[in-house]
Amino acid sequence: PAMTPLSIPRPRTARAFAMLVVAVAVAFVYWPGLHGDWGRDDYFQLAFVRLLDSPWALFVGDHFPVPGSVFRPLGMASMWLGAALFGTDYAAHAASDLALHVAVCLALFALLVRLGLASLPVMLATLLFALHPAAIGTALWWSARFDLLAALFALLALNAACAYRDRQQPSALAGVFAALLAALLSKETGIAAVAAIVLLWSHWAWTSGVQRMPALRAIASVCLCTLAWFAWRAVVLGTPASGLTGATALADAFAHGVVGWLRMAPAYFLHWPRPGASAWVPGAIAMTMLVAAT
């Protein structure tokens, strides 16, 4: 029988329902964390921001115990704001991190939809990220606020980059710069968004001969924005590198970290810190199913 207009699924309704499912699932899993307590690094971060009269000094001065190590003024400023609003009420701070994690997940959902995927696979992919112990554990740790903010602004920058690719509106390009700079000022890992945007726009330039020059100009402008952040960071810290690595070169530290993550990847996916032989069989089956589903 022919479908009536009322029986045709509405994409907006499906997307809204899927986003609601993601938000409720995240809140359900995160909820016990509202009754937690401060962790080791939290005490330093909380004490430090409570000593500040204003967060603006964070943007022009070194603000980490190890000199010349990290430049995360926006992340620290968000902690300052939380302390100003909630004091030492852990539940209130945890609730704000819950809201941030939900926002990160919805930004990821919006990006996947913008890239052309249907609501159901987007919802499942978003839940896979949102509820993974590594992601939910990061959201539960107050001192990892930097990661939440960097992820949120990176995903917003990618959303804006897709919008600019599709319509070339100046407001979308301004949104890319604003969100990208916010991600970089939240945590250094925000630089991953630069690589993602350059890849996205490189594909745009490669596949669209007519719009190749606007795409290349956009790539150049993002690179200039990133160089400006590097310069800002170097002026504040007094070094383009990081004191956290000590005498180890950044390239060596990066290579060591990549090797370490590759070695720990099975445990990351299997949720076991040290999986024994009995865990590898169901783990291998699960990985095979995950690859097939992808």
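This one's a predicted model, so the numbers in the text were calculated from it and none came from an experiment.

Here is what the cut-offs are and how they apply
- Residues numbered from 1 in each chain as written.
- Predicted model: local features only at pLDDT ≥ 70, side-chain atom pairs only at ≥ 80, totals over all residues.
- Heavy atoms only, no water.
- Salt bridge = Lys/Arg side-chain N within 4 Å of Asp/Glu carboxyl O.
- Helix = DSSP H or I, 4+ residues; strand = E, 2+ residues; numbered from the N terminus.
- Buried < 20%, exposed > 50% of the residue type's maximum accessible area, 1.4 Å probe, protein only.
- Patch = residues over 30% accessible without salt bridge, like charges linked within 9 Å, V, L, I, M, F, W, Y side chains within 5 Å.
- Areas by Shrake-Rupley, 256 points an atom, 1.4 Å probe, with all protein chains shown as cover.
- Phe/Tyr/Trp six-rings, centres within 6.5 Å; stacked < 30°, edge-to-face > 60°.
- Lys NZ or Arg CZ within 6 Å of the ring centre and 35° of its normal.

**Q** Residues and numbers for the pattern of salt bridges, please.
**A** Evaluated as defined, the whole model comprises 6 salt bridges. Measuring nitrogen to oxygen at the nearest pair gives 3.8 Å for the salt bridge that ties Glu188 to Arg233. Of the two residues, Glu188 is situated in the loop between α8 (170-186) and α9 (192-207) and Arg233 in helix α10 (residues 212-237); the sequence distance between them amounts to 45 residues. Each member of the pair, Glu188 as well as Arg233, is classed as buried. A cluster of three or more residues bridged by salt bridges with shared partners is formed by Arg72, Glu188 and Arg233.

**Q** Outline a nonpolar patch on the surface, supporting the account with residue identities and numerical values.
**A** The grouping of Ile191, Leu224, Leu227 and Phe230 at the surface amounts to a nonpolar patch, some 370 Å² of accessible area in total. Along the chain, Ile191 turns up in the loop between α8 and α9. With a relative accessible area of 33%, Ile191 lands in the partly exposed category.

**Q** So what's going on with the packing of aromatic side chains? Residues and values would help.
**A** Under the definition given, this model contains 9 aromatic pairs. Seen in terms of ring centroids, Trp56 and Phe59 are 6.0 Å apart; in terms of plane orientation they differ by 40°. Their pairing is tilted. Of the residues examined, Trp56 reaches a relative accessible area of 63% and is grouped as exposed. Among the residues examined, Phe59 registers a relative accessible area of 15% and is labelled buried. Pairwise contacts between aromatic rings join Trp38, Tyr90 and Trp142 into one cluster. Lying over the aromatic face of Phe146, Arg72 brings its terminal NZ or CZ to 5.2 Å of the ring centre.

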